[in-house]
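Chain by chain, the residues run as shown.
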Amino acid sequence: MELNPHDLLEIESAKELTSLSDIPEWVKSSIAEAPFVVVRRARASEGWIAVGIRGKERNERFAAFVPVDRILRRITPEQLTRERKWNGKSKEIFRGLEEIGKVLDYHSLEWGPTGSIGFELASGKETTKKTSDIDIVIRFSKNFTLNFARMIEAELKNNQFRVDIQIETSEGAFLLNEYLASGEKPILLRTVDGPRLKNIVIKE
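### Re helix H3 (residues 92-106)
Taking 1.5 Å of rise per residue, the 15 residues of H3 would be expected to cover 21 Å, and the 22 Å separating its terminal C-alpha atoms lies within 8% of that figure. Buried within H3 we find Ile93, Phe94, Gly96, Leu97, Ile100, Gly101, Val103 and Leu104. Projected down its long axis, H3 shows its buried positions confined to an angular sector of 165°, all on one face. Check the buried side of H3 and you find it contacts strand E6 (111-114), helix H4 (115-123), strand E7 (134-139), helix H5 (146-156) and strand E8 (163-168).

Now the structure itself:
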């Protein structure tokens, strides 16, 4: 099974988790309410996958590991997009996501919602608020030039929600706003071995 950062994994219970520190009670409660964890960008021993657990509060984030053979289901951000999981939902944030989707689909980008909105769509647990950002991951391609990135940013500016876009490459990920601000300088690439500077800017 190929697993990537941002994938949501369904597990049976918090008993499947192991960590370098004691597992807080809020983690057990969170998994009991919605048995989903998210793949995080970190190395793990063979047969294991590094995951993160989110709680009700922004500061409730916990790093753990899960045996790959105990994963019940995998949901990718792109799957949420293909299935248009937000259709028919009344929250304003989902209407905001639909508007974002129209832009990204028009440009034939491979993308999906992540963060609190992706978690809510996958798990059914209400995690977004009126103040929530819309987190998006886009798969990098050779067409993602600086000018193309500027065009995407401009077309998304009218969305009523703050849109945070992460661009995923085969080596790691970078933020769209950092790419735009870089000019032609190296930018911070988030990898499984930690952050590193890399020049990935594509010129016209």
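### Notes on the pairing of E6
Of the two faces of E6, both are covered, the one formed by Trp111 and Pro113 as well as the one formed by Gly112 and Thr114. Relative to E7, E6 is paired through 4 bridges, and the arrangement is antiparallel. Across the sheet, Trp111 pairs through a bridge with Ile138, a residue of E7.

### Points about the environment of Ala34
Structurally, Ala34 can be placed in the loop between helix H1 (25-33) and strand E2 (36-39). Ala34 sits in the buried class, given a relative accessible area of 2%. A C-alpha to C-alpha distance of 30 Å links Ala34 and Leu176, two positions 142 residues apart in sequence. Non-local contacts of Ala34, meaning those with residues more than four positions away in its chain, are made with Phe119, Ser123 and Lys125.

### Comments concerning the pairing of strand E3 (residues 48-54)
Most of E3 is tucked away: 6 of the 7 residues are buried. Across 2 bridges, E2 lies against E3 in antiparallel orientation. Bridge pairing in E3 links Val38 to Gly52. Summarising the sheet, E3 and strand E4 (residues 61-67) pair through 7 bridges and their orientation is antiparallel. Note on E4: the bridge partner recorded for Gly52 is Ala63. Counted between consecutive antiparallel strands, the loop separating E3 from E4 contains 6 residues.

### Digging into H1
Along H1, the positions that sit buried rather than exposed are Val27, Ser30 and Ile31. Buried residues along H1 cover an arc of 95° about the axis, so they all sit on one side. Counted as exposed and oriented over 90 degrees from the buried face of H1: Glu25 and Ala32. Its buried side turned inward, H1 meets E2, E3 and E4.

### Describing the sheet that holds strand E1 (residues 8-10)
Sheet architecture is open: 5 strands sit in the order E4-E3-E2-E1-E5, paired in antiparallel fashion. Here the strands that pair on one side only, and so sit at the sheet edges, are E4 and strand E5 (73-75). Pairs of neighbouring strands in the sheet enclose a mean axial angle of 40°, with direction left out of account. Each of E2, E3 and E4 is contacted by H1, which is oriented at about 95° to E3, the strand it contacts most.

### Focus on the pattern of salt bridges
This structure, assessed with the given rule, holds 22 salt bridges. Connected via shared salt-bridge partners are Glu12, Glu16 and Arg70.

### Some thoughts on the layout of surface pockets
In this structure, the largest pocket spans a volume of roughly 1400 Å³. Lining the largest pocket are 49 residues, with Arg54, Thr114, Gly115, Ser116 and Asp135 sitting closest to its centre.

### Considerations on the environment of Val51
By the element assignment, Val51 lies in strand E3. When its relative accessible area of 0% is taken as the criterion, Val51 is described as buried. Distance from Val51 to Thr18, taken between C-alpha atoms, is 10.0 Å for residues 33 residues apart in sequence. The residues contacting Val51, other than those within four sequence positions of it, are Leu9, Leu17, Val37, Val38, Val39, Arg40, Phe62, Ala63, Ala64, Phe65 and Val66.

So, how was this worked out
- Residues numbered from 1 in each chain as written.
- Predicted model: local features only at pLDDT ≥ 70, side-chain atom pairs only at ≥ 80, totals over all residues.
- Heavy atoms only, no water.
- Helix = DSSP H or I, 4+ residues; strand = E, 2+ residues; numbered from the N terminus.
- Expected span 1.5 Å × (residues − 1).
- Buried < 20%, exposed > 50% of the residue type's maximum accessible area, 1.4 Å probe, protein only.
- Arc of directions from axis to C-beta.
- Contact = heavy atoms within 4.5 Å.
- Pairing = 2+ DSSP bridges.
- Axes fitted to C-alpha atoms, helices over the stretch in contact; angles between N-to-C directions.
- Salt bridge = Lys/Arg side-chain N within 4 Å of Asp/Glu carboxyl O.
- 1 Å grid on protein atoms, 1.4 Å probe; cavity = no way out; pocket = protein on both sides within 12 Å on 5 of 7 lines; lining within 4 Å.
- Points joined across faces, edges and corners; volume = space filled by probe spheres on them.

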